[in-house]
Amino acid sequence: MEVYGYTWSRFRSVATWSGVILTLGVLRLVFHWYPQWLLYATHTPCTLDVATKLLVVDNYMGRFKTYFVKEVKTISTHTVRLSTVGAAETPSSLSDVNDGVRAQLNNGSTKDIQECRAVWIKKLCYIWDEDRSEFVKLVGLDKGLTKAELHKYSGFNEYQQQKRQIIYGFNDIPVEVQSLWKLLLLEVINPFYIFQLFTLCVWAAEGYYYYLIAIVLMTCFGVFSTILQTRKNQQSLHDTVHSCDVVTVWRGGDRYEEIPTTKLVPGDVITIPTHGCNMECDALLLSGTCIVNESMLTGESVPVNKTSLPRLSGVLYDPKEDINHTLFCGTKVIQTRFYGNERVRAVVLRTGFLTAKGSLVRSILYPPPADFKFDQDSYKFIGILAAIAAVGFVYTLVLKIGKAVPAGDVAIKALDLITIVIPPALPAALTVGKLYAQNRLQARKIYCINSRIINVAGSINCVCFDKTGTLTEDGLDMWGVLPVGEQRFQVVVKDMKLLSRGPLQLGMASCHSLTLIDGALSGDPLDVKMFEATGWKLEEPEVVDQQKYDLIVPTIVKCPTANDHHDDGLPSAISLLHQFQFSSTLQRMSVVTRALGSQDLVLYCKGSPEMIVSLSRPETVPEDLNSTLEEYTEQGYRVIALGRRPLAESSYGKIQRMRREEIEQDLEFLGMIVLENRLKPETEPVIGVLKGAQLKIIMITGDNILTAVSVAKECGIIAPGEAVVTVTAVPEVKGTRARVFYTSPKDLVAPVANGRHDVEAGTGQTSFKLALTGNTWAIIRDRLPELLPRICTRGAVFARMSSDQKQQLVQELQSLGYYVAMCGDGANDCGALKAAHAGISLSEAESSVASPFTSREANISCVPRVIREGRAALSTSSGIFKFMVAYSLTEFLSCIILYSVESNLTDLQFLFIDICLIVNFVFFFGKSEAYDGPLVKDPPLTSLLSFIPLASIALHVVVVAAVEICAFFWVRDFPWYSQYTKDPDSYECYENYAVYSVSLFQYIAAAVTFSQGKPYRKGIHTNVALVASLVIMTVICAYKTLYPAQWILNVMAYIQPPVFNFKVIVLCLAVIHFLTVMFTEDFVVNYVLAKVVRPRWRKLTGFGAEGKKYLAVDKELATEKWPPVTSQLPIKLNASVTEIREPPQTVEIHMKAQGGPDVPLVRRQICDQAL
């Protein structure tokens, strides 16, 4: 965001408000639409340190600018008086009155605040920092504090709490529910309704009272339905977000007090009740453990186990790394567990809009700007219509003045053309297709919280999928285990009953985060399958209710077939003392255990094989690890490694104070657990449908890269004939630049004449896909960003990706010009789901704040359905837009032609056209369902200002003008014709009959012409309501043209020719017009121009691919042999080293070449030396 300071100017203010008065408030209305203009007009620029108002410019992705005008306020803690403190607070227990409040700022610094300048932008507070001369965002305790410092918080007294409340405000997420009167006022001063008010004034002056009344009634209906729906949405969001409870806060010592949750401030220490509660703030668990349901935030229905924050000095709290110690606002604590008599305490980190829930609400209140070309072009096209109206305005002025028409009549007629060319009903008409599509999606259990996104979904050309739970089954099945013995893997054990009760089984039984909820195992599906396979039982202290978790007894796992003292000396019962929760960044979790009857502690650690190997002692790692791991992962199995470490000299208290990095090392590698993750039945057919439409398909997963590649091949993301090139990046080491290596099957390596391989040669083929890990992505993005366009354009599998990296990939694809859809289960995909053009969450909830689309059927069959409905809605919107433009220009031409003889359409003629034809057809236009046939390659056009839509409308209008002019002059050639004599009370003349009658059929023809069927919508014949409406209106219009009743002639105020033959001529002209526009649209526009001329034009000039950078990248790659190939591994990678995940800057690559340099490698390393 860019911030500019302004201070009030007396002279400018006087001049501005004088202008407001002189313009009767019109200038103030313009300032309402553009508030920054009011700031420019009444204030002068100044430095931020003396500014009274700020202009905040939010430049979204460098393409959209949003302006906010905010007032700078002064806040002071001196407003809190001792008299406001309760009787329980004695002066001796209060802080010094002159002390300020120590607040945390977003840059990691702290500031003692007594009095300061502040501004609120998008619900967040920014404090003026004199030292840095800038406004810095006020944050909670999540920035700049160590874990040990957070443990030192012992609660605030009431006086301290009230002072902090001055700075942080109430712990509330207020969503304003505006009154109906306010909503009505805000709605009617919209530019659209101001223009409509102008049209009503013109019509009133013209005497079009019937049509005026009809439009007023329609407008009132539209306005009131809009404000009622808006208020309903506001009320719904308010009811969903607003919640208040009572919480117990610790005042220090043995003193506790119950207060409303709205009074909480960062730094308060609260107690979590034993029966659980709804969290009303973000808090950090200081003692005890909690089981939390976070489905409201993540969509993940599996309860999460939260443990207390370790008391580590010198280690900063990290919101991402310490997520397993953080309780988030909006989640529900199901159970808690105490240790001894100690209560479960948590320190409040964030309140109000700073919380995770507040952040989600802010994303709803301030959504990203509309990034859709169709919406942008629709507004630009209205500008074109305005230009046409201006031409008509000038034409009318010249024509009428030349005929000595009174000035008042000239002005009215000229202004009337403006109201005709720009149809007032256009914005409402464009929503029809989206609403019908939304209802059809809902009928298929796909819910959408933002109908605008439906049109965007019609342009999708790239779909990203999460793997586990999205492409594959959510649960895993145990396939087998691979024990280690004598530094080699033993025979795989598929029947868990045959697995000896050794360290590997003990690790499987204890290394998990499972718990019992209502007597059933609950936790990660992988942990559940692994634990159930062992046959062991999990027990928790069985005491009633509130006493249950006051005990120090930990969770215990027992072997059901063993006594307390088994003959083999191995324990039959193990207590789980401490957990280090799973971290996607660290790729591991671990548990500290103690066997029954022993005082020795043992750590069991499980995670990705790469990570466990890096933490294990080399002598315990099997020699055949690489080949064995590759064998199983290439078959699509999920492989987890397990290790252990005895902690003989450690105690439970010491463990609590140690960092996990100090404990999770020097492991003994125990073996690998192989799990089968089957594809969902719907996955392969859906991928086939999407690939058939030539959509770019990408898998983004946190799983092993070889497993991900195997699943990608199995489901069809990587076709049988496509080669896979694995990208591996090595960071800078001791002055050596970051390098990128490419691994591919040896048949991709391009040989040269001497039998060797050219280092500079590429793959030698264009049909290949890239696969890489999140670690490689991070290095390339940081050090080699010039490679990202190529990586994204050819990438198909992105493995070991964190939540942030998934979001980064989606945004990078968008920057290349892709319209991206993201489909995931909502757990680790929230960022990507929100960043994508169309996020689809697989969740049981009817709606999810994480994504605009939510499918209650947890499979990807919803993706083609969303794309189909999106394409149908976009095609409908495009068709309606062209129909409305054709209608307005047809009516415009009718008026222009009749103006030449001083005639015009009558009030009821306008009314019949606008109500019985236009509104009628528009209402049923969107009922055509999405096409069920194959998805085609090209989505509907998103640009209304491109060659094809403009040619379609232009050719249609030319035919309309030709037919109307033909009818206008033809009727004057008959002997019975009599010239119209101007009559201010009547427009009855033969020209009026000819133009009006033939135009009726032109509107019907336009509705049929622009109601396109396949490949995006079903044929018009399937839209029964629209067909019936068209047939009925055709019959009525034919009746009015051929032989109407006298009362119809009187009401419509037009006359008929005295002979029947011209009436037949009008019908013939209507038929010729219909056939001509159909031929023009279907053959000339949709075939000749769209399929013949445009492709050749693009091929010759490259024009038409603006914004689609990925096409340029594809073209560039087609002319190059990339990636470059080498036939021999670099020396530095010949040694067996392992990919390490933490920290990211110390990543090394584990690759082992079997045999000497003369032995052919199964996989070749390809190094890009040209970086």
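Just so it is clear, the structure is predicted and the values come from calculations on it, not from any experiment.

Q: Can you explain the overall build of the protein? Please cite residues and give values.
A: In terms of regular secondary structure, the protein is built from 35 helices and 42 strands. Expressed as a percentage of the 1171 residues in the protein, the buried residues total 54%. Taking as baseline every contact in the protein between residues at least 6 positions apart, the subset at least 24 positions apart corresponds to 73%.

Q: Any details on helix α22 (residues 683-692)? Residues and values, ideally.
A: Taken as a whole, α22 has its buried residues at T683, V686, I687 and L690. For α22, the buried positions fall inside an angular range of 100 degrees around the axis, keeping them on one side. Buried residues belonging to α22 abut β22 (462-465), β34 (696-700), α23 (705-715) and α28 (862-899). Directly after α22, the chain includes Q694, whose backbone phi takes a positive value near 60 degrees.

Q: Lay out the pattern of salt bridges in plain terms, naming residues and giving numbers.
A: If you walk through the whole model with that rule in mind, you get 35 salt bridges. Notably, a salt bridge pairs R350 with D142, separated by 3.0 Å at the nearest N-O pair. Residue R350 is found in strand β20 (residues 345-350), and its partner D142 is found in the loop between β10 (134-139) and α4 (147-151); the two are separated by 208 residues along the sequence. The residues R350 and D142 share a single accessibility class, namely buried.

Q: Any details on the nonpolar core? Residues and values, ideally.
A: F883, M884, I913, L917, I918, F921 and F1062 are the most contacted members of the largest nonpolar core, which has 93 residues in total. By residue number, the principal contributor to this core is α28, which donates 16 residues. Not counting residues up to four positions away in its chain, the partners in contact with F1062 are A967, W970, V971, F974, W976, Y993, A994 and P1057. With 47 residues, the next largest nonpolar core counts M699, A799, Y819 and V866 among its residues.

Q: Explain the pairing of β22 to me, using residue names and the numbers behind them.
A: In β22, alternate side chains face the same way, and those of C462 and C464 on one face and V463 and F465 on the other are all buried. As judged from the four bridges shared by β22 and β34, these two strands associate in the parallel manner. In the strand pairing of β34, C464 is matched with I698. Note: β22 against strand β39 (residues 820-824), four bridges, orientation parallel. For C462, the partnering residue across the bridge sits in β39 and is V820.

Q: I'd love a proper account of a nonpolar patch on the surface, names of residues and values included.
A: A contiguous nonpolar surface patch, about 390 Å² in accessible area, is contributed by Y34, W37, Y40 and Y67. The topology assignment puts Y40 in helix α3 (residues 35-42).

Q: Go over the packing of aromatic side chains with me, naming the residues and quoting the values.
A: Scanning all chains against the criterion turns up 28 aromatic pairs. Where F923 meets F924, the ring centres are 5.1 Å apart and the plane angle is 80 degrees; that geometry is what we call edge-to-face. Put simply, the rings of F974, W976, Y977, Y990, Y993, Y996, Y1054 and F1062 pair up and form one aromatic cluster. The ring of Y256 is capped by R343, whose NZ or CZ atom sits 4.1 Å from the centre of that ring. The ring of F912 has K1040 lying over it, and the distance from NZ or CZ to the ring centre is 3.6 Å.

Q: I'd love a proper account of the sheet that holds strand β4 (residues 64-71), names of residues and values included.
A: The antiparallel open sheet is built from four strands, whose spatial order is β2-β1-β3-β4. The open sheet has two edge strands with one neighbour each: β2 (43-46) and β4. Neighbour-to-neighbour, the strand axes of this sheet turn through a mean angle of 30 degrees, independent of strand direction. In terms of strand pairing, strand β1 (residues 2-8) meets β2 through four bridges, oriented antiparallel. Each bridged residue has a counterpart across the sheet, and for T7 the counterpart in β2 is T44.

The rules behind these values
Residues numbered from 1 in each chain as written. Predicted model: local features only at pLDDT ≥ 70, side-chain atom pairs only at ≥ 80, totals over all residues. Heavy atoms only, no water. Helix = DSSP H or I, 4+ residues; strand = E, 2+ residues; numbered from the N terminus. Buried < 20%, exposed > 50% of the residue type's maximum accessible area, 1.4 Å probe, protein only. Contact = heavy atoms within 4.5 Å. Arc of directions from axis to C-beta. Salt bridge = Lys/Arg side-chain N within 4 Å of Asp/Glu carboxyl O. Core = buried A, V, L, I, M, F, W, Y, C linked by side-chain atoms within 4.5 Å. Pairing = 2+ DSSP bridges. Patch = residues over 30% accessible without salt bridge, like charges linked within 9 Å, V, L, I, M, F, W, Y side chains within 5 Å. Areas by Shrake-Rupley, 256 points an atom, 1.4 Å probe, with all protein chains shown as cover. Phe/Tyr/Trp six-rings, centres within 6.5 Å; stacked < 30°, edge-to-face > 60°. Lys NZ or Arg CZ within 6 Å of the ring centre and 35° of its normal. Axes fitted to C-alpha atoms, helices over the stretch in contact; angles between N-to-C directions.

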